[in-house]
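Here is how the chains run, residue by residue.
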Amino acid sequence: MSMEITNVCEYEEIAKQKLPKMIYDYYASGAEDQWTLKENRNAFSRILFRPRILIDVSNIDMTTTVLRFNISMPIMIAPTAMQKMAHPEGEYATARAASAANTIMTLSSWATSSVEEVASTGPGVRFFQLYVYKDRDVVRQLVKRAERAGFKAIVLTVDTPRLGRREADIKNRFTLPPFLTLKNFEDLDLGKMERTNDSGLASYVASQVDRSLSWKDVKWLQTITSLPIIVKGVMTAEDTRLAIQAGVAGIVVSNHGARQLDYVPATINCLEEVVKAARGQVPVFLDGGIRRGTDVFKALALGASGVFIGRPVVFALAADGEAGVRKVLQMLRDELELTMALSGCTSLKEITRNHIVTETEMPRTLSRL
């Protein structure tokens, strides 16, 4: 690459230049007016630091555990669909980059590589994101395959009874390119997407994904697998309490990258409510809008046990394959380490609510900035 990449956001512009419009738009866009899409980022800029000084920061430890798995940093890879649209190696490249960084990758149900193929890339802690199809035999088979392939948790997406209205996909008549399939569903004859006069994905979801999904199905899932279940897409205290009652192992505060319901708050603004309601009973994670180490620190200060990154992975993949994803993980790691040093924190447990100040707590003069 001609120009040196110095931050995560720079990969998006390169991806935009490299990818066909239909594919870039699919990755980049949010629902409807895309208010939440912008807000997921903007909300971070309304949280400021209260750094502590004259603390020995010569040794900084960023290691953590997630569901008892030791990882190198609290930054993990969110499930993003159809990665071979971004780069020929797709999910293989992402899996290798995650493994090299000693962190967790979440594989999407709608991956263009199967659970078995991703497992074949070598060792690594991997989670499997699940959509619940109307045909429960499909779900049963898929969960069993993920288990057999050595995946360590099921990340159940709970915010998608129907697909959000992504207008770029409608305009572009989005569909999976003909040379690709949703590999996990290939043998079940559910691996292809019809080209429709709508978003092909929206039509696929309407025909296959179960709109009746409810808490009883979370209980059902626990009867078909021994893997821990993390629910992804929780934004309120009420649902946090119900999730804990249902026996989940973790919660991801997520608005699906602002691709489902527009005008929900930024995830960083839902985090504290969920953390308080969880009362330390289960770990709470966050995704949505993480682009800097400072964003990661802010999420940890508000009680997150870790964060997941989505779009930065596919944009880096498009720009530079596995090396791009490795670089994104490395840049975020380096930035988090620097933020910790300059805030006076030498380990994740030292990052507290007192290290940040949110808009509502600021003096009036400051909040007018």
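Above: the structure in question.
A brief report on the enclosed structure follows. The structure presented is a predicted model; accordingly, all values stated were derived computationally and were not measured. (Residues numbered from 1 in each chain as written. Predicted model: local features only at pLDDT ≥ 70, side-chain atom pairs only at ≥ 80, totals over all residues. Heavy atoms only, no water.)

As a further point, take the side chain of Arg-136. Structurally, Arg-136 is set in helix H6 (residues 136-148). Within the structure, the side chain of Arg-136 is placed 2.2 Å from the side chain of Asp-210, a separation counted as a polar contact. Dropping the residues within four chain positions of it, Arg-136 is found in contact with Asp-210, Ser-212, Asp-217 and Trp-220. (Helix = DSSP H or I, 4+ residues; strand = E, 2+ residues; numbered from the N terminus. Polar contact = N/O pair within 3.5 Å; in protein donor to acceptor, adjacent residues only side chain to side chain. Contact = heavy atoms within 4.5 Å.)

Across all of its chains, the model carries 17 salt bridges by this definition. When the shortest N-O distance is used, the salt bridge between Glu-39 and Arg-46 registers 2.2 Å. According to the relative accessible area criterion, Glu-39 is buried, its value standing at 12%. Salt-bridge contacts for Arg-96 lead to Glu-89; the nearest nitrogen and oxygen are separated by 2.6 Å. Beyond isolated ion pairs, a larger network of salt bridges with shared partners links Glu-89, Arg-96, Glu-322 and Arg-326. (Salt bridge = Lys/Arg side-chain N within 4 Å of Asp/Glu carboxyl O. Buried < 20%, exposed > 50% of the residue type's maximum accessible area, 1.4 Å probe, protein only.)

In this section: unusual backbone geometry. In this model, Met-82 sits at a positive phi of 50°, which is unusual for a non-glycine residue. Met-82 gets classed as buried once you look at its relative accessible area, which sits at 0%. A positive phi angle is found at Arg-173, which is not glycine, with a value near 50°. Note that Arg-173 resides in the loop between helix H7 (167-171) and helix H8 (200-208).

Right, let's talk about the side chain of Glu-335 for a bit. Mapping Glu-335 onto the fold places it in helix H13 (residues 311-343). Look at Glu-335 and you get buried, because its relative accessible area is 15%. Polar contacts involving the side chain of Glu-335 include one to the side chain of Arg-292, which spans 3.0 Å. If sequence neighbours within four positions are ignored, Glu-335 has contacts with Thr-6, Asn-7, Arg-291, Arg-292 and Gly-293.

Helix H12 (residues 293-301) sits mainly inside the fold: eight of its nine residues count as buried. Among all positions in H12, only Gly-293, Asp-295, Val-296, Phe-297, Lys-298, Ala-299, Leu-300 and Ala-301 are buried. Two residues or fewer after H12 comes Gly-303, characterised by a positive phi angle close to 105°.

Going residue by residue along strand E9 (residues 250-253), you find Gly-250 and Val-252 tucked away on one face and Ile-251 and Val-253 tucked away on the opposite face as well. The pairing of strand E8 (residues 229-234) with E9 spans four bridges and is classified as parallel. Bridged to Val-231 within E9 is Ile-251. Where the polypeptide runs from E8 across helix H10 (residues 237-245) and back to E9, its parallel neighbour, the crossover connection is right-handed. When E9 meets strand E10 (residues 284-287), the two strands line up parallel, connected through three bridges. Its bridge partner being in E10, Val-253 is matched across the sheet by Leu-286. One crossover worth recording links E9 to the parallel E10 by way of helix H11 (residues 267-278), and it is right-handed. (Pairing = 2+ DSSP bridges. Right-handed = clockwise from strand over helix to strand, strands pointing away.)

Throughout the structure, instances matching the rule amount to eleven aromatic pairs. Ring geometry for Tyr-26 versus Tyr-27: centroids 5.7 Å apart, planes at 55°, classification tilted. Judged by relative accessible area, Tyr-27 falls into the buried class, the value being 4%. Chaining the aromatic ring pairs together yields one cluster made of Trp-110, Tyr-131, Tyr-133, Phe-185 and Tyr-204. For the cation-ring pair, Arg-259 lies above Tyr-26, with the distance from its terminal atom to the ring centre recorded as 4.8 Å. Note that Lys-298 overlies the ring of Phe-49, its terminal NZ or CZ placed 5.3 Å from the centroid. (Phe/Tyr/Trp six-rings, centres within 6.5 Å; stacked < 30°, edge-to-face > 60°. Lys NZ or Arg CZ within 6 Å of the ring centre and 35° of its normal.)

Our focus in this paragraph is the packing of H6 against helix H9 (residues 215-224). The interhelical angle for the contact between H6 and H9, taken along N-to-C directions, is 50°, at an axis separation of 10 Å. By the angle between their axes, H6 is oblique relative to H9. In this structure, the crossing between H6 and H9 has a hand that is right-handed. Across the interface between the two elements, Arg-136, Val-139, Arg-140, Val-143, Lys-144 and Glu-147 from H6 touch Asp-217, Trp-220, Leu-221 and Ile-224 from H9. Its residues placed into classes, the contact of H6 with H9 shows five nonpolar, no polar and five charged. (Axes fitted to C-alpha atoms, helices over the stretch in contact; angles between N-to-C directions. Parallel < 35°, antiparallel > 145°, perpendicular 65-115°, else oblique. Left-handed = near helix turned anticlockwise from the far one by under 90°. Nonpolar A, V, L, I, M, F, W, Y, C, P; charged D, E, K, R; others polar.)

Turning to H10, its buried residues number three or more, namely Ala-237, Thr-240, Ala-243 and Ile-244. Around the axis of H10, the buried residues are gathered within 120° of arc, so they sit on the same side. Looking at the buried residues of H10, the elements they touch are H9, E8, E9 and H11. One or two positions beyond H10, positive phi appears at Gly-247, with a value near 85°. (Arc of directions from axis to C-beta.)

Once that is clear, we can look at the packing of helix H4 (residues 90-100) against H13. Where H4 contacts H13, the axes come no closer than 8 Å and their chain directions differ by 15°. Compared by their axis directions, H4 and H13 come out roughly parallel. When you trace H4 past H13, the crossing you get is left-handed. In this structure, H4 uses Gly-90, Ala-93, Thr-94, Arg-96, Ala-97, Ala-98 and Ala-100 to contact H13, whose residues at the interface are Val-313, Leu-317, Gly-321, Glu-322, Val-325, Arg-326 and Leu-329. Of the residues belonging to the contact of H4 with H13, the class tally is eight nonpolar, three polar and three charged.

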